[in-house]
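As a plain string of letters, each chain reads:
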Amino acid sequence: MTLRMAIPNKGRLNERTVELLMKSGLDLGEDWGRRLYISVKNQDLEVVFVRAQDVPELINTGAVDFGITGWDQVAESGYKMQKLLDLEFGYCRLSVAVPENLGMRSPSEIPDGCKVATSFPKLTKSYFERIGKKVKIIQVSGAAEIMPYMGVSDIIVDLVSSGSTLKMNRLTELDVIVKSQAVAICGKLEAEKKEAVTDILDSIRSVIEAEKKIYLMADVPVKNLKAVERACPGIEGPTIMNIAGRDDMVAIHVVIDKSDVFDSVNKLKKLGGKGILILPIDRLVA
Ligand code: AMP
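None of the values given here were measured: they were computed from a predicted structure.

**Description of the site of the ligand**
For step 1, the next point in the chain: Every residue lining the ligand is accounted for by Lys10, Gly11, Arg12, Leu13, Gly70, Asp72, Gln73, Gly90, Tyr91, Cys92, Leu159 and Ser161.
For step 2, the next point in the chain: Within the side chain of glutamine 73, a nitrogen or oxygen atom sits 2.9 Å from an oxygen atom of the ligand.
For step 3, the next point in the chain: Serine 161 is positioned with one of its side-chain polar atoms (N or O) 2.7 Å from a nitrogen atom of the ligand.
For step 4, the next point in the chain: Contact with the protein chains removes 81% of the 480 Å² of surface that the ligand exposes when unbound.
For step 5, the next point in the chain: Its residues assigned to classes, the shell around the ligand shows four nonpolar, five polar and three charged.

In structure tokens form, the structure reads like this:
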């Protein structure tokens, strides 16, 4: 039973998606960048590279079993998909933005008959219907920000991440239609395939979790062990090991949050910690 997966072939989501697959142990080979399709060497899995917006379509038609794309693309497709995992990158929002010089502060000020440029026509249509505005949607496939200045539209609905592109183009964000990040999704799957997909996603999840943690090793005085345990509780308490020929010191191994490294190392030093080592973790299977 060969599984098929669709992932973005270029653009913002491509690089990190490939990185996650590789780190989770799927061997895409050396030349994945030049190929539209890859048979993963060490798994019964085929990976197809397509545009981010085509991933939901491929899943919906059954051409692939699951895939990775932005949640915005899933929402725009209108297809009922199951979200399997938030991938914690590709954060953005689909927003309504207007030229600063129009002086609008709220979507309620958008006049009927307004022209809206967007590459998300379905979400835009349902948004303006929801807020009771009659607008004319002009579908573009990118660079929506420029459309008001080209006289193509009055306002836009577009993806925003930091907001700097909006600022550069003198646009004000009025409302957020959808919040998005990269996700793994599937349609209806038979039990056997579902299980295989779950195994792959568990592996990806373990990579994402591991990236937030580090592995810390240190030699600490036995007399301070209780305080060390409080300073570095780890997942289920630190692992404690004897050091050959030493009754006064033990070695501890512990997994801690990356954001705690600075504090933990300082606390350990104050408690007499020596030979403190900090190592990356490849995977964390809870
Ligand atoms: P791309 O192929 O580069 O057009 O990227 C497509 C996907 O990247 C979008 O559907 C979003 O999910 C995601 N993305 C994240 N941040 C942004 C952004 N600032 N602008 C456009 N796409 C973004």
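**Let's talk about the UniProt feature "domain: Histidine biosynthesis HisG C-terminal" (unreviewed entry) in the protein**
For step 1, the next point in the chain: The UniProt feature table records "domain: Histidine biosynthesis HisG C-terminal" (unreviewed entry) at residues 210–282.
For step 2, the next point in the chain: End C-alpha to end C-alpha, residues 210–282 measures 6 Å, and it is 26% helix and 45% strand.

**Some points on the sheet that holds strand β5 (residues 82–86)**
For step 1, the next point in the chain: Across the sheet, which stays open at both edges, the six strands sit in the order β2-β3-β1-β4-β11-β5 with mixed pairing between neighbours. Sheet topology places β2 (37–39) and β5 at the edges, where each strand pairs with a single neighbour. Across the sheet, the axes of successive neighbouring strands diverge by a mean angle of 25°, strand direction being ignored.
For step 2, the next point in the chain: Pairing analysis gives five bridges linking strand β4 (residues 66–70) to strand β11 (residues 182–186), with the strands arranged antiparallel. Bridge pairing in β11 places isoleucine 68 opposite alanine 184.
For step 3, the next point in the chain: Sheet contacts for helix α6 (residues 191–211): β1 (3–8), β3 (45–50), β4, β5 and β11; angle to β5, the most-contacted strand, approximately 25°.

**Overview of the UniProt feature "domain: ATP phosphoribosyltransferase catalytic" (unreviewed entry) in the protein**
For step 1, the next point in the chain: Mapped onto this numbering, the UniProt entry gives "domain: ATP phosphoribosyltransferase catalytic" (unreviewed entry) at residues 51–205.
For step 2, the next point in the chain: Segment residues 51–205 splits into 28% helix and 30% strand. End C-alpha atoms: 23 Å apart.

**Side note on the pairing of strand β6 (residues 92–99)**
For step 1, the next point in the chain: In terms of residue burial, β6 counts as a mostly covered element, since seven of its eight residues are buried.
For step 2, the next point in the chain: The sheet contact formed by β6 and strand β10 (residues 171–180) spans eight bridges and is antiparallel. Note on β10: the bridge partner recorded for proline 99 is leucine 171.
For step 3, the next point in the chain: In this structure, β6 lies alongside strand β9 (residues 155–160), joined through five bridges in antiparallel fashion.

**Considering the pattern of salt bridges**
For step 1, the next point in the chain: Overall, the coordinates contain 15 salt bridges when judged by the stated rule.
For step 2, the next point in the chain: Between arginine 16 and glutamate 19 there is a salt bridge, and its shortest N-O distance comes to 2.7 Å. You can see arginine 16 and its partner glutamate 19 sitting in helix α1 (residues 14–23), three residues apart, about one turn around the helix.
For step 3, the next point in the chain: Between lysine 226 and glutamate 229 there is a salt bridge; the shortest N-O distance is 3.6 Å. One end of the pair is lysine 226 and the other is glutamate 229, both in helix α7 (residues 225–231) and three residues apart, which spans about a single turn.

**Considering the packing of aromatic side chains**
For step 1, the next point in the chain: Going through the model one piece at a time under the given rule, you end up with two aromatic pairs.
For step 2, the next point in the chain: Arranged with centres 6.3 Å apart and planes meeting at 15°, the rings of tryptophan 32 and phenylalanine 49 form a pair that is stacked. Highlighted residues: tryptophan 32 in the loop between α1 and β2 and phenylalanine 49 in strand β3, separated in sequence by 17 residues.
For step 3, the next point in the chain: Note on tyrosine 127 and phenylalanine 128: the rings are 4.9 Å apart at their centroids and 80° apart in plane angle, and the pair reads as edge-to-face. Grouping residues by exposure puts tyrosine 127 and phenylalanine 128 together as buried.
For step 4, the next point in the chain: Directly above the ring of tryptophan 71 sits lysine 83, whose terminal nitrogen or CZ lies 5.4 Å from the centroid.

**Quick look at the domain arrangement of the protein**
For step 1, the next point in the chain: For the protein, the domain assignment lists domain 1 (3–89 + 181–210), domain 2 (92–180) and domain 3 (213–279).
For step 2, the next point in the chain: Once you take the C-alpha centre of each, domain 1 and domain 3 turn out to be 38 Å apart.

**Some points on the side chain of glutamine 181**
For step 1, the next point in the chain: With respect to the helices, strands and loops of the structure, glutamine 181 is situated in the loop between β10 and β11.
For step 2, the next point in the chain: Within the local environment of glutamine 181, its side chain forms a polar contact with the backbone nitrogen of glutamate 88, the two atoms lying 2.7 Å apart.
For step 3, the next point in the chain: Dropping the residues within four chain positions of it, glutamine 181 is found in contact with Thr69, Gly70, Trp71, Asp86, Leu87, Glu88, Phe89, Gly90 and Tyr91.

**Let's talk about α6**
For step 1, the next point in the chain: Here α6 is 21 residues long and its end C-alpha atoms lie 30 Å apart, about the 30 Å a rise of 1.5 Å per residue gives.
For step 2, the next point in the chain: Here α6 has its buried residues at Lys193, Val197, Ile200, Leu201, Ser203, Ile204, Ser206, Val207, Ile208 and Ala210.

**Observations concerning the nonpolar core**
For step 1, the next point in the chain: Counting residues in hydrophobic clusters, the biggest one holds 31 residues, and the most contacted among them are Leu45, Phe66, Leu87 and Ile204.
For step 2, the next point in the chain: Of all the secondary structure elements, the ones that give two or more residues to this core are β1, α1, β3, β4, β5, β11 and α6.
For step 3, the next point in the chain: Of all the elements, α6 adds the most residues to this core, at six residues.
For step 4, the next point in the chain: Setting aside anything within four residues of it in sequence, one finds leucine 87 in contact with Leu20, Ile68, Gln181, Ala182, Val183, Ala184, Ile204 and Ile208.

The rules behind these values
- Residues numbered from 1 in each chain as written.
- Predicted model: local features only at pLDDT ≥ 70, side-chain atom pairs only at ≥ 80, totals over all residues.
- Heavy atoms only, no water.
- Near = heavy atom within 4 Å.
- Polar contact = N/O pair within 3.5 Å; in protein donor to acceptor, adjacent residues only side chain to side chain.
- Areas by Shrake-Rupley, 256 points an atom, 1.4 Å probe, with all protein chains shown as cover.
- Nonpolar A, V, L, I, M, F, W, Y, C, P; charged D, E, K, R; others polar.
- UniProt positions renumbered as here; feature names shortened; annotations may be inferred.
- Helix = DSSP H or I, 4+ residues; strand = E, 2+ residues; numbered from the N terminus.
- Pairing = 2+ DSSP bridges.
- Axes fitted to C-alpha atoms, helices over the stretch in contact; angles between N-to-C directions.
- Contact = heavy atoms within 4.5 Å.
- Buried < 20%, exposed > 50% of the residue type's maximum accessible area, 1.4 Å probe, protein only.
- Salt bridge = Lys/Arg side-chain N within 4 Å of Asp/Glu carboxyl O.
- Phe/Tyr/Trp six-rings, centres within 6.5 Å; stacked < 30°, edge-to-face > 60°.
- Lys NZ or Arg CZ within 6 Å of the ring centre and 35° of its normal.
- Domains from an automatic or database assignment.
- Expected span 1.5 Å × (residues − 1).
- Core = buried A, V, L, I, M, F, W, Y, C linked by side-chain atoms within 4.5 Å.

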